[in-house]
Amino acid sequence: MKRVHALIWLLLPALLSAGGLVTGKTKYVKFEPGDKVIFETDFHECPVGEFPEGFDKFEKSIECVEYDNHIWIAPSTDNGMRIWKKLEIGSNDFSIEYDLLINPEAKKGVYPKVKFRPLTKGKSEKEWQKEEYFGNEDYDVVFYGDRLELRKVGRLLDVPHPKAKKLHIAIQVRRHQYRVFADGRRLVSVPFNKTVHGFEFQMWETPAYGALISDIRIARYTKKEAKPAPEKLGIGVKKTKAGLKLTVPEKVLFDFDRFILKPEAKEALSVVGDVIREHPAKKIVVTGYTDNVGSDAYNLRLSLQRAQSVADYLIYCEKVDPKLFEIVGRGKADPIADNATEEGRAKNRRVEIQLSE
């Protein structure tokens, strides 16, 4: 039986409701910055034409400029710029914000490229002296002239060019999720398990004064973020005579006809782990079910494999006592909906977790 290993994606599940598709982009959109500021600058004390203070390393020509009665930093030549800041930000519960503005008065026909990178390697002084500094490019938030991208996943947002409008970009790391926002709207969330020792801004193929950056703010959260309720993740919760029963639909846990947990399953099963800890049980029965498509033997095996995958995650990742578990595969037995319809079959493909008091 295959065991559950580290999951490479952590996106909030897409849930189907009577009102249509609900996703992290449509429901969990509100950006809330950290409440304990550890670095903040709007460059208001930087004289126009001078280099900004408070940074640890730079390459090429950078100067403070004024645009629309506000101070920004920008490359002063067509060769772009790089600027670094040492800062022990941490591995979780922090936010990073900055404003980006594309100057419509800059050289025409050239699309600025602007990168923000959290620095996750090279903590020592010796490493800081290297010409190239190294973070993990997967987490680069890059503006490519007409679009915003996260290197790990690709295009996030189309941005008309040129446009003399501030784009407020924010990164939020909570519950080890790296979430990217633009103008308050969440664009994507991916797993994050790095420790951040600073940050870098880089511009390349950017004309002089073609892109401007200001209002950099980095803060920690002093309170942990609450996990969503089980029902918000599509998990059914029901009190029975034996104790609490949790029903997790196939769409939350598995791809069709598969028993390897989907990336989204980590969020759901983490919440299940919390429920188990809040409702101590003498016995936990994990039962897998399928629809009626396919042979009885195949469905019985698949349902058992799915139950085992769920139990494995709860045991090895949520640290639930393995002696409490009983693993059961019931195949197409005990349908809770009509197998004559696709909607009914989808409901029947499920895993039930019975907590016996």
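Think of each chain on its own: its residues are numbered from 1, step by step along the sequence as written. Residues qualify for local features only when their pLDDT is at least 70, as the model is predicted, and side-chain atom pairs are given and counted only at 80 or more; totals for whole chains, interfaces and linings, by contrast, use all residues. Water and hydrogen atoms were dropped before computing side-chain values, which therefore reflect all heavy atoms in the structure.

**Student:** Got a minute to help me understand the environment of R185 in this structure?
**Tutor:** Only DSSP runs of H or I covering at least 4 residues are called helices, and only runs of E covering at least 2 are called strands; the numbering of each starts at the N terminus. Position of R185 among the secondary structure elements: in strand β15 (residues 185-191). Exposure is judged per residue with a 1.4 Å probe applied to protein chains only, and the accessible area is read against the type maximum: over 50% gives exposed, under 20% gives buried, and values in between give partly exposed. Exposure remark for R185: the relative accessible area of 40% places this residue in the partly exposed category. C-alpha of R185 to C-alpha of A170: the two residues are 15 residues apart in sequence and 9.3 Å apart in space.

**Student:** What should I look at first to understand unusual backbone geometry in this one?
**Tutor:** Leaving glycine aside, a negative phi is the common case for residues, and trans is the common case for peptide bonds. Positioned with a positive phi, N69 is a non-glycine residue whose angle comes to about 60°. By the element assignment, N69 lies in the loop between β5 (62-67) and β6 (70-75). One non-glycine residue, E205, adopts positive backbone phi at about 50°.

**Student:** Explanation requested: the nonpolar core in the structure shown.
**Tutor:** General note: in soluble globular proteins, nonpolar side chains tend to be found buried as a group. What makes a nonpolar core is a set of buried Ala, Val, Leu, Ile, Met, Phe, Trp, Tyr and Cys residues whose side-chain atoms join them at distances within 4.5 Å. In terms of nonpolar packing, the biggest core is built from 46 residues, with V141, Y178, F199 and I216 touching the most fellow members. Examining the composition of this core, we find that five residues originate from one element, strand β8 (residues 94-102), more than from any other. Here V141 is in contact with Y98, V114, K115, F116, L148, E149, L150, I169, I171, Y178 and V180, once residues within four sequence places are set aside. Membership of the second largest hydrophobic core comes to 30 residues, among which are I235, L246, F325 and V351. The contact rule is simple, with two residues in contact once any of their heavy atoms fall within 4.5 Å.

**Student:** Looking at this model, I keep getting lost on the sheet that holds strand β18 (residues 236-239). Mind explaining?
**Tutor:** Backbone hydrogen bonds are what pair the strands of a sheet, in a parallel or an antiparallel way. Strand pairing is defined by DSSP finding a minimum of two bridges between the two strands. As summarised here, the arrangement of the five strands in space is β18-β19-β22-β20-β21, forming an open sheet in which the pairing is mixed. Edge positions in the sheet fall to β18 and β21 (325-329), since each has one partner strand and no second. Looking at each pair of strands side by side, their axes are set apart by 15° on average, direction ignored. Strand direction decides the pairing type here: strand β20 (residues 283-289) and strand β22 (residues 350-356), joined by seven bridges, are antiparallel. Within β22, the position partnered with I284 by the bridge is L355. Inter-axis angles, ranging from 0 to 180 degrees, are taken between N-to-C directions of lines fitted to C-alpha atoms, where helices are fitted over the stretch in contact. On top of the sheet, helix α4 (residues 296-316) reaches β20, β21 and β22; it is set at about 155° to β21, its chief contact.

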